[in-house]
Amino acid sequence: MFDPGVGLQMNGSSVTFSVSLRNKTSLKKFGIICHLLSKIYCLIQTNKFCTKRDLYYQNVNWYGKQSIVDNLIDDIACLFKVQRRELHVLATSKGCIAGDLKFKDAEGNYVDCSATISGVLVPCDIQGIECLCSEAKFVLLIEKDATFQKLLDDGFPRKFYPSILITGKGFPDVNTRELVHKLWTDLEIPILALMDADPFGIEILLIFKYGSLSLAYDVQNLATPSIQWLGIHPTDIERLKIPDDALQPLSKQDISKIADLMQRPYMTYNPEWKNQVETIHRVKKKAEIQSLSTISPSFLTEVYLPSKIRLGGWI
């Protein structure tokens, strides 16, 4: 069910698996679950941790695909109603972080995110992070790595505002989502999001904000309902007069995704967001963050972001 103050969460108290003894696929899945449970038991008993990828490579032929291990570990956590870390199984990170932030990771190493030119990899063990220290005024959540790197190259966290930049490099991994939530709860500063003005960019933002169906059992650690959408807004396409040759027509997948987004319950609670989705459908165009460079190479960092932040141009 959907709660605007929490996100997508489990509805009901019982979680079950169904196994068919006459179905080979079902039997194999059950066998893999039992095998994974034995691995988890050993990890807990020895107080060791490993990643989902480590588990997969311990028996590639038996598992078949990495996604099978990923999904079943999530199913086991859901079944026992525990966070994945309590199973002593961690996910591999792909997101990066930079800016005004220092912390001690789970292994006791001190990490200074301001002393990097390309970003620090998001730690695998978010709950093990301690001693968060920052004077940042906000966290800027960025959809794509290319934009993240541009802002770093332009010195955005230093020249304009003390801030923290974080990117999930497209569809976000669990650790990046959990880190955004931790920064919100521990630092108590605004979380602003910079996404492409297209249906899939909006979906990524909604996953950060409200969570996903597959991980609804852990929404309290993965969703950040306070996230504000800074841009690019679809209404910016006309307002800024972004040149047509910098825009792209909607694909069939885009149109299908728009229909899907409009059916989701949280659109009722966000009429301004709903208006933005309707705008994309009306203009039949989408814009990437990089399209702002057609106005001016420095337009994003020197004009668009500073003015939006100064004037509170988020929704």
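Please refer to the structure higher up on the page.
All of these numbers come straight from a predicted model, not from anything done at the bench. (Residues numbered from 1 in each chain as written. Predicted model: local features only at pLDDT ≥ 70, side-chain atom pairs only at ≥ 80, totals over all residues. Heavy atoms only, no water.)

### A closer look at the overall build of the chain
Filter applied, for reference: By definition, any uninterrupted DSSP run of H or I lasting at least four residues is a helix, any uninterrupted run of E lasting at least two residues is a strand, and each is numbered from the N terminus. In this treatment the radius of gyration is a C-alpha quantity, and the globule benchmark scales as 2.2 Å times the residue count to the 0.38 power. Burial here depends on accessible area, computed with a 1.4 Å probe over protein chains only, as a share of the maximum for the residue type. Under 20% is buried, over 50% is exposed, and the range in between is partly exposed. Contacts are residue-level and defined by heavy atoms, with any inter-residue pair within 4.5 Å sufficient. With residues, only the protein chains shown are counted as cover, and all accessible areas are computed by Shrake-Rupley using a 1.4 Å probe.
The helix and strand inventory of the chain stands at 13 helices and 15 strands. Relative to the compact-globule value of 20 Å for 315 residues, the chain shows a C-alpha radius of gyration of 21 Å, a close match. Taking the principal axes of the C-alpha coordinates as reference, the chain spans close to 60 × 45 × 35 Å. Here the chain, with 315 residues, has 51% of them falling under the buried criterion. The contacts of the chain with a sequence gap of at least 6 include a subset with a gap of at least 24, amounting to 76%. When the accessible surface of the chain is totalled, it reaches about 15,300 Å², and 52% of it is carbon and sulfur.

### Overview of unusual backbone geometry
Among all residues save glycine, negative phi is the norm, and among peptide bonds the norm is trans. The omega torsion of the bond from Gly231 to Ile232 falls at -10 degrees, within 30 degrees of zero and hence cis. Structurally, Ile232 is set in the loop between strand S13 (228–231) and helix H10 (234–239). Although it is not a glycine, Lys81 adopts a positive phi angle of roughly 55 degrees. Of note, Lys81 is situated in the loop between helix H4 (66–80) and strand S4 (89–90). Lys81 sits in the exposed class, given a relative accessible area of 52%.

### Here we look at the pairing of strand S10 (residues 138–142)
The following threshold applies: Between any two strands, at least two bridges found by DSSP are needed for them to pair.
Across the five residues of S10, five count as buried, placing the element largely inside the fold. The two faces of S10 match: Phe138, Leu140 and Ile142 on one face and Val139 and Leu141 on the other face are all buried. Here S10 runs beside strand S11 (residues 163–167); their pairing, made up of five bridges, is parallel. Note on S11: the bridge partner recorded for Leu140 is Leu165. When S10 meets strand S12 (residues 191–194), the two strands line up parallel, connected through four bridges. Following the sheet pairing, Val139 is matched in S12 by Ile191.

### Here's the deal with the sheet that holds strand S9 (residues 130–133)
As a reminder, the rule being used: A fitted line through C-alpha atoms represents every axis, and for helices the fit uses only the stretch in contact; the resulting angles, taken between N-to-C directions, go from 0 to 180 degrees.
The strand order across the open sheet formed by three strands is S7-S6-S9, and the pairing between neighbours is antiparallel. Both edges of this open sheet fall to strand S7 (110–112) and S9, since each of them pairs with a single strand only. Within this sheet the neighbouring strands show an average axis-to-axis angle of 10 degrees, counted without direction. Pairing geometry for strand S6 (residues 102–104) and S9, over two bridges, is antiparallel. Across the sheet, residue Lys102 finds its bridge partner in S9, namely Cys133.

### Here we look at the packing of helix H8 (residues 199–210) against helix H11 (residues 252–262)
What counts, and what does not: Angles below 35 degrees are treated as roughly parallel, those above 145 as roughly antiparallel, those between 65 and 115 as roughly perpendicular, and all remaining angles as oblique. Nonpolar residues are Ala, Val, Leu, Ile, Met, Phe, Trp, Tyr, Cys and Pro. Charged residues are Asp, Glu, Lys and Arg, and all others, Gly as well, are polar.
Packing of H8 against H11 brings their axes to within 9 Å, and their N-to-C directions diverge by 40 degrees. In terms of orientation, H8 and H11 fall into the oblique class. In this structure, H8 uses Pro199, Phe200, Ile202, Glu203 and Leu206 to contact H11, whose residues at the interface are Gln253, Asp254, Lys257, Ile258, Asp260 and Leu261. Its residues assigned to classes, the contact of H8 with H11 comprises six nonpolar, one polar and four charged.

### A few points about the sheet that holds strand S8 (residues 120–121)
Strand order in the open sheet formed by six strands is S8-S5-S11-S10-S12-S13, and the pairing between neighbours is mixed. Each having just a single partner strand, S8 and S13 make up the two edges of the open sheet. Where strand S5 (residues 96–99) meets S11, four bridges bridge the pair, whose relative direction is antiparallel. Paired with Gly99 across the bridge in S11 is Ile164. Helix H13 (residues 299–311) contacts S10, S12 and S13 of the sheet and is inclined by roughly 145 degrees relative to S13.

### Considerations on the pattern of salt bridges
For clarity, the cut-off: Throughout this description, the term salt bridge denotes a Lys or Arg side-chain nitrogen within 4 Å of a carboxyl oxygen of Asp or Glu.
A full pass over the atoms with the stated rule returns 15 salt bridges. Among the salt bridges present, the one from Lys104 reaches Glu130, with a minimum N-O distance of 3.5 Å. One end of the pair, Lys104, is in strand S6; the other, Glu130, is in strand S9, and 26 residues separate them in sequence. In this structure Glu130 comes out as partly exposed when scored by relative accessible area, which is 42%. It is possible to trace a salt-bridge network through shared partners that takes in Glu203, Lys257, Asp260 and Arg264.

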